[in-house]
Amino acid sequence: MVGELPDRARVVVIGGGVIGASVAYHLGHAGWTDVVVLERDRLTSGTTWHAAGLMTCFGSTSETNTAIRLYSRDLYARLEAETGQSTGFRPVGLIEAAADPDRLEEYRRVAAFQRHLGLEVHEISPAEIRDLFPWARTDDLLAGFHVPGDGRVNPVDLTMSLAKGARALGIGIIEGVAVTDVLTADDAVTGVRAAGQTIECEYVVNCTGMWARQLGERNGLVIPNQAAEHYYLITDTIEGIDPNGPVFEDPSSYGYYREEGGGMMVGLFEPTAAAWRVEGIPADFSFGTLPPDWDRMAPFLEKAMARVPVTQDVGIRTFFCGPESFTPDLAPAVGEVPELRGYFVAAGMNSVGVLSAGGLGRVLAHWITTGRPDVDVTGFNVDRFRSDQLEPAYRSARTTEVLGTVYAAHTPGTQLQSARGRLLSPVHERLVSQGGFLREVSGWEGADWFAGEGRTPEAEPTWGRAPWFERWEQEHRAVREAVGLMDMSFMAKFRVQGPGAGDLLDRLSAAAVNGDPGVITYTQWLNDDGRIEADLTVTKLGAEDFLVVASDTAHGHVRARLHRFADPTVTITDVTLDYAQLNVQGPRSREVLAELTEVDLSTAAFGFRSARWVELAGTRVLLARITYLGELGYELYVSTGDALRVYATIQSAGTPHGLRPVGLKALASLRMEKAYRDYGHDIDNTDCPLEAGLGFVLALDKPDFIGRDAILARRAANAAAGGMARRIVQVRVTDPEPLLFHAEIVLRDGQPVGYLRAGSYGWTLGSAVGLAMVEGGGAPVTPDWLANGRWEVDVAGRRYRAEVSLRPMYDPTSARVRA
């Protein structure tokens, strides 16, 4: 052990790799210096020491990820001036090669998006690629994307510079001491055990890299990262190679390339990988390498080297294999765990830890010191994981596939195939028999669209129109014109009961949810800053009995928030697996259900937002009149054992009314036409309900819901400014041909003002439609500002005329919903 352990610290950072060093550095700059970093061996000894050192920003359509990388790049360029320790950063540039039409389409969309966020990127020709990186074979490439400000960094020097900066701020860094336990009491962190000594603390940050899962499991936490083999080679000296030449990447050849020591580094992300030590990483593995599997890697290596033929003509100085840590969805595990207050995680970096470390350290330090993140974290919050993802068979299978997706094309429709079938709907067999095209939905198997009874659905990823679009359109129109039956059993469902249940939910909810029984209420849950933590429904079943329903992606976050605010008088039960959710939606939905129940379903007797237990199809069912599709409709909560029979009975009764099974593609297009929001897609934790167009939900006459004061202050500020600085608007391109997916840039009078957070095709509206957050650039975003602009959407570099609206373009008064 190097250094003396303190008796207490406000924050203990566990792990001295580049992530842990960055977290400590940024905590110090945030004014928190009562911090100690504990490293079991030496700084960088886990995986940081052998990282390839790429500092590249190109490739993401996430605003958060792009901002994290841009911040990191800027930090690495200026850190030496602060600390006196070089980071080795050299902005030699990046060239990303597009070798096929799908990648070219993807990269053009990425380039437009990231330019909007401040990244300088240029599309260049194969000849220009050859001029910048003469070693590559370019005859079969379509284009390249050049980012002159990207480059390379020395991972060890970077870590040492961050550590030196942290020490200068008064933060302790102690090497050679392993944390054996994180101590807790009353569901909160109280300290750690290290070297036989207890260190009291309020916060722990698990930055242990590929050991994060094992450390977390000691406290019953779910951090399902898994180590995998990662390869690169370094050739012998290549005459004439430029040490300041650009980084070159060709994902279609599985390779990245840069100068190293007078030779060429060739790094690999092969399509089929190998998990390492699924049973657990040895505690004493330091500065370690793994024996390379030449037989497995030979075909991938040959393809990568063929892209840069000079690498085949010289000897190989080093063939390196070392472990890197991957998560099941290729997004990092970051944030406060749902089970313990004060226990934070930053791990599972998926081979982008070095280029993300600066930005992630800043994000986590802000989160810890203020109690909330200042960026959208819905895509990488550690609370998204499920306990079954810890299973060795799952981690092994998923890691083998997910590493390969680092360099796979991200064509719409691409999905993972490993470790599937984890969670099945109670009506799964009917989804399959009707030709449902299955996709993974937070571990569940959901039907995207239906090929028809007895047919096998077939689909290939594409940026364009596919043959199955016809089935999608038919399902969409069935809901608009007749009736559709949709299975959404994957939705998160919680029974909240007890004397304090109503008060708990009324405090959490921005809407009034504790009124009369028999009412379902759409609401947001906010934080103290008045920004959205969850978007869900609360149904009051009885005086002390409620049902909370949230999206599948918010399952862990909603569960954690319920438990953290509940007092001992409240019982919270996760009933997700106990009930199927079947949705009957469309103008003829009432006629279908009326044939199956004695209950009067007329609007006078069972109006919009009514919810009660009824006898339907011979079964006790919770029936709620609510919609997420923009039509008269109902949600049915049916016990798992009865769901298949109820589903079949509804189908039989609905056939004469034109009922069709409806999949998730139609869900997306129907809700997008109605401009219904989806948390984690078009609204997130950085938005407030006012700018998100959800002010109608707020019950500001309630005195004590979380976030109320911040909302009132923001509303007053908006009024003084003449309107809001940014707002979510619905966007529709007027040309029926282009398709919208996500991250397309929205322009007003030729100037970028925002981007599409989500998009789909509006079969009823006649063209693609989406939701975008737009900013006025100093002017308030008002109806007049919207009406007076000329609107366009950039789709892969081509601009299309568009119209925008604050109100839904389909049924703006919701007359159909309330019919």
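Scroll up for the structure.
The sections below set out a description of the structure shown in this document. (Residues numbered from 1 in each chain as written. Predicted model: local features only at pLDDT ≥ 70, side-chain atom pairs only at ≥ 80, totals over all residues. Heavy atoms only, no water.)

### Things to note about the overall build of the chain
When helices and strands are counted, the chain shows 19 helices and 38 strands. Relative to the 2.2 N^0.38 estimate, which gives 28 Å for 819 residues, the radius of gyration of the chain is 27 Å and therefore close to what a compact globule would have. When its C-alpha atoms are laid out on the principal axes, the chain stretches across 85 × 65 × 55 Å. By the burial criterion, 61% of the 819 residues in the chain qualify as buried. Relative to all contacts within the chain whose residues are 6 or more apart in sequence, the contacts with residues 24 or more apart total 73%. If you sum the accessible surface of the chain, you get close to 29400 Å²; carbon and sulfur atoms cover 49% of it. Distance from the positive charge centre (78 side chains) to the negative charge centre (106 side chains) of the chain: 4 Å. (Helix = DSSP H or I, 4+ residues; strand = E, 2+ residues; numbered from the N terminus. Rg over C-alpha atoms; globule rule 2.2 N^0.38 Å. Buried < 20%, exposed > 50% of the residue type's maximum accessible area, 1.4 Å probe, protein only. Contact = heavy atoms within 4.5 Å. Areas by Shrake-Rupley, 256 points an atom, 1.4 Å probe, with all protein chains shown as cover. Lys, Arg positive; Asp, Glu negative; His and termini not counted. Charge placed at Lys NZ, Arg CZ, Asp CG, Glu CD.)

### Concerning the pairing of strand 13 (residues 226-235)
Counting buried positions over the ten residues of strand 13 gives ten, a clear majority of the element. Burial of strand 13 is two-sided: the residues Q226, A228, H230, Y232 and I234 facing one way and the residues A227, E229, Y231, L233 and T235 facing the other way are all buried. As judged from the ten bridges shared by strand 13 and strand 17 (residues 316-326), these two strands associate in the antiparallel manner. In the strand pairing of strand 17, E229 is matched with P323. One ladder, built from four bridges, connects strand 13 with strand 16 (residues 263-268); its direction is antiparallel. By the bridge assignment for strand 16, Y232 is matched with G267. (Pairing = 2+ DSSP bridges.)

### Topic: the sheet that holds strand 6 (residues 143-147)
With respect to topology, eight strands assemble into an open sheet ordered 5-6-4-14-15-16-13-17, the strand pairing being mixed. In this open sheet, the two edge strands, each paired with only one partner strand, are strand 5 (122-124) and strand 17. The average undirected angle you get between the axes of adjacent strands in this sheet is 25 degrees. (Axes fitted to C-alpha atoms, helices over the stretch in contact; angles between N-to-C directions.)

### Structural notes on the environment of L117
Its location among the elements puts L117 in the loop between helix 3 (101-116) and strand 5. Given a relative accessible area of 23%, L117 falls into the partly exposed group. When residues no more than four places from it in sequence are discounted, the contact partners of L117 are E63, T66 and L70.

### Some remarks on the packing of helix 12 (residues 469-481) against helix 17 (residues 664-673)
Viewed as axis vectors pointing N to C, helix 12 and helix 17 meet at an angle of 50 degrees, and their least axial separation amounts to 9 Å. When the interaxial angle is binned, helix 12 and helix 17 end up oblique. The two elements helix 12 and helix 17 meet at a crossing, and its hand is right-handed. The segment helix 12 lies against helix 17, with W472, E475, H476, V479 and R480 engaging K665, A666, S669, L670 and E673. Here the residues of the contact of helix 12 with helix 17 are counted per class, giving four nonpolar, two polar and four charged. (Parallel < 35°, antiparallel > 145°, perpendicular 65-115°, else oblique. Left-handed = near helix turned anticlockwise from the far one by under 90°. Nonpolar A, V, L, I, M, F, W, Y, C, P; charged D, E, K, R; others polar.)

### What about the pairing of strand 12 (residues 203-206)?
Where burial is concerned, the two faces of strand 12 agree: the one with Y203 and V205 and the one with V204 and N206 are both buried. Both strand 1 (residues 11-14) and strand 12 contribute to a ladder of four bridges, which runs parallel. Note that in strand 12 the partner of V13 across the bridge is V205. Note: strand 12 against strand 19 (residues 343-347), three bridges, orientation parallel. Among the inter-strand pairings, V205 is bridged to a residue of strand 19, identified as F344.

### Digging into the sheet that holds strand 33 (residues 726-733)
Each strand in a sheet pairs with another by means of backbone hydrogen bonds, the pair being arranged parallel or else antiparallel. Taken in spatial order, the six strands close into a barrel running 33-36-35-34-37-38, and their pairing is antiparallel. Across the sheet, the mean angle separating the axes of adjacent strands is 40 degrees when strand polarity is ignored. Both strand 33 and strand 38 (residues 798-805) contribute to a ladder of four bridges, which runs antiparallel. Across the sheet, R732 pairs through a bridge with E803, a residue of strand 38.

### A few points about the nonpolar core
Counting 77 residues, the largest nonpolar core has V13, F58, V205 and L364 as its most contacted members. Here this core gets nine residues from one element, more than from any other, and that element is helix 9 (residues 353-370). Listed in part, the 49 residues of the second largest apolar core include V479, M488, Y579 and L739. (Core = buried A, V, L, I, M, F, W, Y, C linked by side-chain atoms within 4.5 Å.)

### Quick look at the pattern of salt bridges
Under the counting rule described, the total for this entry stands at 54 salt bridges. The partner of E123 in a salt bridge is R108, and the shortest N-O contact between them spans 2.9 Å. On the criterion of sequence distance, the pair formed by E123 in strand 5 and R108 in helix 3 is long-range, its members being 15 residues apart. In this structure, the salt-bridge partner of E792 is R799, at a minimum N-O distance of 4.0 Å. Salt bridges here are not isolated pairs; linked through shared partners, they connect D529, R531, D684, D687, E691, R714, R726 and R757. (Salt bridge = Lys/Arg side-chain N within 4 Å of Asp/Glu carboxyl O.)

### Some remarks on the layout of surface pockets
The volume enclosed by the second largest pocket comes to roughly 240 Å³. In terms of lining residues, the second largest pocket is bounded by 17 residues, among which A51, N154, P155, R258 and E260 are the most central. Of all the secondary-structure elements, those providing two or more residues to the lining of the second largest pocket are helix 5 (155-168), strand 13 and strand 15 (255-260). Along the lines of polarity and charge, the residues of the lining of the second largest pocket split into nine nonpolar, four polar and four charged. (1 Å grid on protein atoms, 1.4 Å probe; cavity = no way out; pocket = protein on both sides within 12 Å on 5 of 7 lines; lining within 4 Å. Points joined across faces, edges and corners; volume = space filled by probe spheres on them.)

### Some words on unusual backbone geometry
Phi is positive for Y254, which is not a glycine, with a value near 70 degrees. Mapped onto the fold, Y254 is located in the loop between strand 14 (247-250) and strand 15. For Y254, a relative accessible area of 18% gives the class buried. Of note, A617 is a non-glycine position whose phi angle comes to about 55 degrees, a positive value.

### Re the packing of aromatic side chains
Scanning the model with the defined rule gives 31 aromatic pairs in all. Geometrically, the ring pair formed by F58 and Y107 is edge-to-face, given 5.7 Å between the ring centres and 75 degrees between the ring planes. With F58 in the loop between strand 3 (54-55) and helix 2 (63-83) and Y107 in helix 3, this pair connects stretches of sequence that are 49 residues apart. Its relative accessible area of 7% is what places F58 among the buried residues. Ring pairing ties together the aromatic residues F437, W449, W468, F469, W472, Y761 and W763, which thus form one cluster. (Phe/Tyr/Trp six-rings, centres within 6.5 Å; stacked < 30°, edge-to-face > 60°.)

### Some details on empty space enclosed by the protein
Under the definition given, this model contains four cavities of 30 Å³ or more. Size it by volume and the largest cavity reaches roughly 60 Å³. The set of elements that each furnish at least two residues to the lining of the largest cavity consists of strand 21 (444-450) and strand 22 (483-487). The leading source of residues in the lining of the largest cavity is strand 21, at three residues. Its residues placed into classes, the lining of the largest cavity shows seven nonpolar, two polar and one charged.

### Structural notes on helix 12
Here helix 12 contains 13 residues, and its C-alpha end-to-end distance of 18 Å stays within 8% of the 18 Å for a straight helix at 1.5 Å per residue. F469, R471, W472, E475, H476, A478, V479 and R480 are the residues of helix 12 that are buried. Those residues of helix 12 that are buried are in contact with strand 21, strand 22, strand 28 (579-585), strand 32 (659-661), helix 17 and strand 35 (751-762). (Expected span 1.5 Å × (residues − 1).)

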